[in-house]
Amino acid sequence: MNFKEQLSEDLDAVFFNCEEFAESHTINGVSVDIVIDNDKLSELYLAKGTHTEQLFTDSVMFYVRKKDLDFEPVPGQYLNYDDRVFLISDVKTDGEMYTIVMGANES
């Protein structure tokens, strides 16, 4: 087994395992296992000098396997997350997963 194969296996067995790090959430009507990382989001906001007062009520950063989404997320796209509408502000691709940052749609 090469490194990429081992990494992929570890992502499934550990990182995206709901008994370890992952949680199930509904994204656009589909149950998906994701890893939420608002601690990292807070660090990013602080590094940019962004105010963090409402960070945990209207912003979410999470990791999701590409294979678990039936679409390619892009900034500016709306996402239904646990029956709330969020606007994707940033997407990073890292191998077989996405890192998505989004904020609640305030209308």
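These numbers were taken from a predicted model, which means no experiment stands behind them.

### Thoughts on the nonpolar core
- Counting 17 residues, the largest nonpolar core has Ile27, Phe62, Val64, Ile100 and Met102 as its most contacted members.
- Looking at this core, the elements with two or more residues in it are strand 2 (30-36), strand 3 (59-65), strand 4 (78-81), strand 5 (84-94) and strand 6 (97-104).
- In this structure Val64 touches Phe16, Val32, Asp33, Ile34, Leu69, Glu96, Met97, Tyr98 and Ile100, once residues within four positions along its chain are discounted.
- Among the nonpolar cores identified, the runner-up in size contains eight residues, and Leu11, Phe16, Met97 and Val101 belong to it.

### Focus: a nonpolar patch on the surface
- On the surface, Tyr78, Val85 and Leu87 cluster together into a nonpolar patch covering about 260 Å² of accessible area.
- In this structure, Tyr78 sits in strand 4.
- Taking the relative accessible area as the measure of exposure, Tyr78 reaches 47% and is therefore partly exposed.

### As for the confidence of the model for the protein
- Counting all residues, the mean pLDDT for the protein is 81, and 72% of those residues have values of 70 or more.
- Mean pLDDT in the protein bottoms out at helix 3 (residues 55-58), which sits at 56, and peaks at strand 1 (residues 23-27), which reaches 96.

Parameters at a glance
- Residues numbered from 1 in each chain as written.
- Predicted model: local features only at pLDDT ≥ 70, side-chain atom pairs only at ≥ 80, totals over all residues.
- Heavy atoms only, no water.
- Core = buried A, V, L, I, M, F, W, Y, C linked by side-chain atoms within 4.5 Å.
- Buried < 20%, exposed > 50% of the residue type's maximum accessible area, 1.4 Å probe, protein only.
- Helix = DSSP H or I, 4+ residues; strand = E, 2+ residues; numbered from the N terminus.
- Contact = heavy atoms within 4.5 Å.
- Patch = residues over 30% accessible without salt bridge, like charges linked within 9 Å, V, L, I, M, F, W, Y side chains within 5 Å.
- Areas by Shrake-Rupley, 256 points an atom, 1.4 Å probe, with all protein chains shown as cover.
- Salt bridge = Lys/Arg side-chain N within 4 Å of Asp/Glu carboxyl O.
- pLDDT = per-residue confidence, 0-100.

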